[in-house]
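Observations on chain architecture
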Amino acid sequence: MSSTQNPPPRAPITVPAIASRKVRDGAEPLVMVTAYDAPGARIASEAGVDLILVGDSLAMVVLGYDDTLQVTVDDMAHHTAAVARAEPDPLIVADLPWMGYHLSTEDTLRNAAQLIRAGAEAVKLEGGRKRLPMVEALVDAEVPVMGHLGLTPQSVHAMGGFRVQAKTSDAARMVVDDAKALTHAGCFSIVLEGVPSEVAELVTEAIEVPTIGIGAGLGVDGQVLVYHDVLGIEDRMAPKFVRRYGDVKRQSVDAIAAYAADVRAQAFPGPEESYHLSAEVAETLGLYGSEG
């Protein structure tokens, strides 16, 4: 059998199944990628990933903004619905965007409900103990919640930019304490972004739910990367933690350039790409000259 053939369909992945995936207990590391539309969701599903994150990175990667702060709940719902229509096997997690969970628990529940109705099976929010009322309200409403600690992009201005976090002993202890608090509040997993690998290991050891790292080293229970970074669609920046597994942008540029060249040379479309009348109809229309 060719190794390039699609793997057989899997059973849909559930929140309880994810919550039990700790590497220290012998589980295989979790794989999560972002996706923002139906084609991306189908590719991620056929590739066998465990979770799809409809991330607020949508703002920068797809919508052209400079940071994640511009994306709205409506934007997130629109793209979550596109992902869900593909009916992927991975668990669909949707980001609650900036100001989507900051004002009140009622506002948080309303925004989370919009994402769940759009097709999300869980939501993700950023921040530690200050977010506990929101996490608890969501869990009480039976909305599964993924936490996010370390470099939290929605706090880019407060952090002074996209910088590695938890580099001091006090800051490291705070991340561990925040992770414990989020777990006790009901988070089924926690993303750790932009923290030293040693800190990520401390957090992973301290809590019973899986950690998913991005720029957090190997000592976690899984990894997440942005779809466009993995495939090399986005090549304007290359954070240290990104590894590109494809060069899709270059291949796409080359393909479109080849198409453009064929059009200008009138080499496309050819007869095989064109539709034709039957000889009888063409003759009736006087499209064939008389012979002899």
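As shown above, the structure is provided for reference.
The structure presented is a predicted model; accordingly, all values stated were derived computationally and were not measured.

1. Some words on the overall build of the protein chain
A count of helical and extended segments in the protein chain gives 12 helices and eight strands. For 292 residues, the compact-globule estimate of 2.2 N^0.38 gives 19 Å, and the C-alpha radius of gyration of the protein chain, at 24 Å, exceeds that figure by more than 25%. Summarising its shape, the C-alpha atoms of the protein chain cover approximately 95 × 45 × 35 Å along the three principal directions. Taking all 292 residues of the protein chain together, 46% fall into the buried category. In the protein chain, 58% of the contacts between residues at least 6 apart in sequence involve partners at least 24 apart. Accessible surface, the protein chain as shown: approximately 15800 Å² in total, 55% of it carbon and sulfur.

2. With respect to the pattern of salt bridges
Throughout the structure, instances matching the rule amount to 11 salt bridges. With a closest N to O distance of 3.7 Å, D229 and R244 form a salt bridge. One end of the pair, D229, is in helix 10 (residues 227-231); the other, R244, is in the loop between helix 10 and helix 11 (248-264), and 15 residues separate them in sequence. Ionic contacts of the salt-bridge type, sharing partners, join the residues R24, E205 and E208 into one network.

3. Describing the packing of helix 5 (residues 105-118) against helix 6 (residues 132-140)
In contact at an axis separation of 9 Å, helix 5 and helix 6 are set at 50° when each is read in the N-to-C sense. The pairing of helix 5 with helix 6 is recorded here as oblique in orientation. You can see that helix 5 and helix 6 cross each other, and the crossing is right-handed. Of the residues in helix 6, those in contact with T105, T108, L109 and A112 of helix 5 are P133, M134, A137 and L138. Of the residues assigned to the contact of helix 5 with helix 6, the class counts are six nonpolar, two polar and no charged.

4. Re the pairing of strand 5 (residues 145-150)
Burial analysis of strand 5 places six of its six residues in the buried class, which makes it a mostly covered element. Relative to strand 5, strand 4 (residues 122-124) runs parallel, the two sharing two bridges. The residue of strand 5 that forms the bridge with V123 is V145. Assessed by its sense of winding, the connection that carries the chain from strand 4 through helix 6 to strand 5 is right-handed. Across five bridges, the pairing between strand 5 and strand 6 (residues 189-193) is parallel. Considered in strand 6, the bridge of L149 is made with L192.

5. A word on the pairing of strand 6
Across the five residues of strand 6, five count as buried, placing the element largely inside the fold. Along strand 6, one buried face is formed by S189, V191 and E193 and the opposite face, lined by I190 and L192, is buried too. Sheet analysis places strand 6 next to strand 7 (residues 211-214), joined by four bridges and oriented parallel. Across the sheet, the residue bridging to V191 is I212, located in strand 7. Handedness of the strand 6-helix 9 (residues 197-206)-strand 7 crossover: right-handed.

6. Considering the packing of aromatic side chains
As enumerated under the stated definition, the model contains one aromatic pair in all. Seen from their ring centres, Y259 and F268 are 5.8 Å apart, and the 75° between their planes marks the pair as edge-to-face. For Y259, a relative accessible area of 47% gives the class partly exposed.

7. Re the nonpolar core
Counting residues in each nonpolar core, the largest one holds 56 residues, and the members touching the most others are L96, L115, V123, L125, L138 and L192. When residues of this core are assigned to their parent elements, the largest contribution, seven residues, is made by helix 8 (residues 169-185). Setting aside its immediate chain neighbours within four residues, L192 contacts L149, V175, A200, V203, T204, T211, I212, G213, I214, A216 and V220. Core analysis: the second largest hydrophobic core is formed by 19 residues, L51, A122, F188 and V224 among them.

8. Remarks on the packing of helix 4 (residues 73-85) against helix 5
For the pair helix 4 and helix 5, interaxial distance at closest approach is 8 Å and the crossing angle is 20°. Judged on the interaxial angle alone, helix 5 and helix 4 are roughly parallel. When you trace helix 4 past helix 5, the crossing you get is right-handed. From helix 4, V73, D74, M76, A77, T80, A81 and A84 reach across to helix 5, where they touch N111, Q114, L115 and A118.

9. Here's the deal with the environment of G219
Relative to the assigned elements, G219 resides in the loop between strand 7 and strand 8 (222-225). In this structure G219 comes out as partly exposed when scored by relative accessible area, which is 23%. Separated by 16 residues in the primary sequence, G219 and V203 have C-alpha atoms spaced 9.4 Å apart. Beyond its immediate sequence surroundings of up to four residues, G219 is in contact with A200, E201 and T204.

Rules used throughout
Residues numbered from 1 in each chain as written. Predicted model: local features only at pLDDT ≥ 70, side-chain atom pairs only at ≥ 80, totals over all residues. Heavy atoms only, no water. Helix = DSSP H or I, 4+ residues; strand = E, 2+ residues; numbered from the N terminus. Rg over C-alpha atoms; globule rule 2.2 N^0.38 Å. Buried < 20%, exposed > 50% of the residue type's maximum accessible area, 1.4 Å probe, protein only. Contact = heavy atoms within 4.5 Å. Areas by Shrake-Rupley, 256 points an atom, 1.4 Å probe, with all protein chains shown as cover. Salt bridge = Lys/Arg side-chain N within 4 Å of Asp/Glu carboxyl O. Axes fitted to C-alpha atoms, helices over the stretch in contact; angles between N-to-C directions. Parallel < 35°, antiparallel > 145°, perpendicular 65-115°, else oblique. Left-handed = near helix turned anticlockwise from the far one by under 90°. Nonpolar A, V, L, I, M, F, W, Y, C, P; charged D, E, K, R; others polar. Pairing = 2+ DSSP bridges. Right-handed = clockwise from strand over helix to strand, strands pointing away. Phe/Tyr/Trp six-rings, centres within 6.5 Å; stacked < 30°, edge-to-face > 60°. Core = buried A, V, L, I, M, F, W, Y, C linked by side-chain atoms within 4.5 Å.

Shape descriptors only; they carry no functional weight alone.
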